[in-house]
Amino acid sequence: MRLPKTAHSARPWRVHAVTEDFELEDVWALPTPGGPDDLARLVQQFTSPRGDPFVVRVLFVLRWQLGKLFGWDRPDSGVGERVRSLRERLPPDLLAAPRGPDLRAVPGREAADGPAIFSSVYQTHDEWLAEFANKTVHSLMHIGWVPDDWGDGYHAQMAVLVKPNGWLGKAYMAAIKPFRYALVYPLLLRSIGRQWGMQAAG
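Enquirer: Looking at this structure, how should I read the overall build of the protein?
Expert: What the protein contains, in helices and strands, is 5 helices and 7 strands. The N-to-C order of helical and strand elements in the protein reads α-β-α-α-α-β-β-β-β-β-β-α. In the protein, buried positions account for 47% of the 202 residues. Of all intrachain contacts in the protein linking residues separated by at least 6 positions in sequence, the fraction that spans at least 24 positions is 66%. For the protein, the accessible surface area stands at approximately 10300 Å², while carbon and sulfur atoms represent 61% of it.

Structure representation (structure tokens):
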């Protein structure tokens, strides 16, 4: 379920201190009911190879092929090359803490032993932040673990923050928005919820 942006901005996340120059694009509630200490389990699920819906895989294969054709994803356009990593902005306590796992496999670009696609910036008891950059955008995925409004349990919410790279980045974000809202997010959220439930049952 898509949430108002205040669901992210009103919470006292550590991420706010290092993302003042990023735009908050989306906030989503994830179908991941759990207890107060389950964020680490969700991050492990996120960063492990998984079976995503066929339509999502096709869309991502197309996206990676277009990126290859137009040179969007060249190594010199990534984190540490075109843009500096957000880890350079972290306060000492977050820098000294365990960083969290990288996301190395996404639909259409599985490479569990290859370079990270989303590099972990930090992980705490209730937050995980990962970053990705290419020629079009510097993008952040923030997963927060929040108490339910309707009971005594917890669940995750995901925020996407972006810094488009000039006119190309703005045009790219506008072009993919209909696909993200109509297909990618609804299908991915259902897949995440299904896998979360199967993991809990197992």
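Enquirer: Got a minute to help me understand the nonpolar core in this structure?
Expert: A general tendency of soluble globular proteins is for nonpolar side chains to be buried together. In this structure, Leu 30, Leu 42, Phe 46, Met 141 and Ile 143 are the most contacted members of the largest nonpolar core, which totals 27 residues. The set of elements that each furnish at least two residues to this core consists of α2 (39–46), β5 (127–133), β6 (137–147), β7 (154–164) and α5 (166–201). Setting aside chain neighbours within four positions, we find Leu 42 in contact with Leu 30, Thr 32, Ile 143, Trp 145, Ala 156 and Trp 196.

Enquirer: Any chance you could explain the packing of aromatic side chains here in plain terms?
Expert: Between two aromatic rings, the relevant description is the distance of the centres plus the angle of the planes. Enumeration over the complete set of coordinates arrives at 5 aromatic pairs. Taking the centre distance of 4.7 Å and the plane angle of 40° together, the rings of Trp 28 and Tyr 185 count as tilted. Here Tyr 185 lies in helix α5 and Trp 28 lies in strand β1 (residues 23–29), a separation of 157 residues in the sequence. Of the residues examined, Tyr 185 reaches a relative accessible area of 9% and is grouped as buried. Pairing Trp 145 with Trp 196 gives two aromatic rings, centres 6.1 Å apart and planes at 55°, and the pair type is tilted. With Trp 145 in strand β6 and Trp 196 in helix α5, this residue pair connects regions lying 51 residues apart in the sequence. An aromatic cluster of at least three residues, connected via ring pairs, comprises Trp 28, Tyr 181 and Tyr 185. Arg 41 extends its terminal NZ or CZ atom over the ring of Trp 196, reaching a point 3.8 Å from the ring centre.

Enquirer: So what exactly am I meant to see when it comes to the pairing of β5 here?
Expert: Remark: a regular strand shows side chains that alternate across the two faces of the sheet. With 7 of 7 residues buried, β5 is to be regarded as a mostly interior element. Judged by which residues are buried, β5 turns out to be covered on both faces: Glu 127, Leu 129, Glu 131 and Ala 133 on one side and Trp 128, Ala 130 and Phe 132 on the other are all buried. The sheet contact formed by strand β4 (residues 119–123) and β5 spans 4 bridges and is antiparallel. Within the sheet, the bridge partner assigned to Ser 119 lies in β5 and is Glu 131. Joining the antiparallel neighbours β4 and β5 is a turn of 3 residues. In this structure, β5 lies alongside β6, joined through 7 bridges in antiparallel fashion. Along β6, the bridge assignment pairs Leu 129 with His 142. Connecting the antiparallel pair β5 and β6 is a turn made up of 3 residues.

Enquirer: Is there a simple way to explain a nonpolar patch on the surface in this structure?
Expert: A cluster of nonpolar side chains, namely Leu 62, Leu 66, Leu 69 and Phe 70, defines an oily patch on the protein surface of about 410 Å² accessible area. Looking at the element boundaries, Leu 66 is found in helix α3 (residues 54–70). Residue Leu 66 is classed as partly exposed on the basis of its relative accessible area, which comes to 33%.

Enquirer: I'm lost on α2 in this one. Help?
Expert: Count 3.6 residues to each turn of an α-helix, and residues three or four apart come out pointing the same way. Among all positions of α2, only Leu 39, Leu 42, Val 43, Gln 45 and Phe 46 are buried. The buried residues of α2 occupy one face: seen down the axis, they fall within an arc of 160°.

Enquirer: Before we go on, may I ask you to explain the sheet that holds β4 in this structure?
Expert: The sheet built from 5 strands is open, its strands ordered β1-β7-β6-β5-β4 with antiparallel pairing. The sheet is open, and its two borders are formed by β1 and β4, each paired with just one other strand. Neighbouring strand axes in the sheet, compared pairwise and without regard to direction, differ in orientation by 20° on average. Across the sheet, α2 lies against β4, β5, β6 and β7, angled at about 145° from β6, the strand it touches most.

Enquirer: When you look at the side chain of Thr 136 in this model, what are you seeing that I'm missing?
Expert: Looking at where Thr 136 falls in the secondary structure, it is placed in the loop between β5 and β6. Reaching out from Thr 136, the side chain makes a polar contact with the side chain of Asn 134 at a distance of 2.8 Å.

Cut-offs used in this document
Residues numbered from 1 in each chain as written. Predicted model: local features only at pLDDT ≥ 70, side-chain atom pairs only at ≥ 80, totals over all residues. Heavy atoms only, no water. Helix = DSSP H or I, 4+ residues; strand = E, 2+ residues; numbered from the N terminus. Buried < 20%, exposed > 50% of the residue type's maximum accessible area, 1.4 Å probe, protein only. Contact = heavy atoms within 4.5 Å. Areas by Shrake-Rupley, 256 points an atom, 1.4 Å probe, with all protein chains shown as cover. Core = buried A, V, L, I, M, F, W, Y, C linked by side-chain atoms within 4.5 Å. Phe/Tyr/Trp six-rings, centres within 6.5 Å; stacked < 30°, edge-to-face > 60°. Lys NZ or Arg CZ within 6 Å of the ring centre and 35° of its normal. Pairing = 2+ DSSP bridges. Patch = residues over 30% accessible without salt bridge, like charges linked within 9 Å, V, L, I, M, F, W, Y side chains within 5 Å. Salt bridge = Lys/Arg side-chain N within 4 Å of Asp/Glu carboxyl O. Arc of directions from axis to C-beta. Axes fitted to C-alpha atoms, helices over the stretch in contact; angles between N-to-C directions. Polar contact = N/O pair within 3.5 Å; in protein donor to acceptor, adjacent residues only side chain to side chain.

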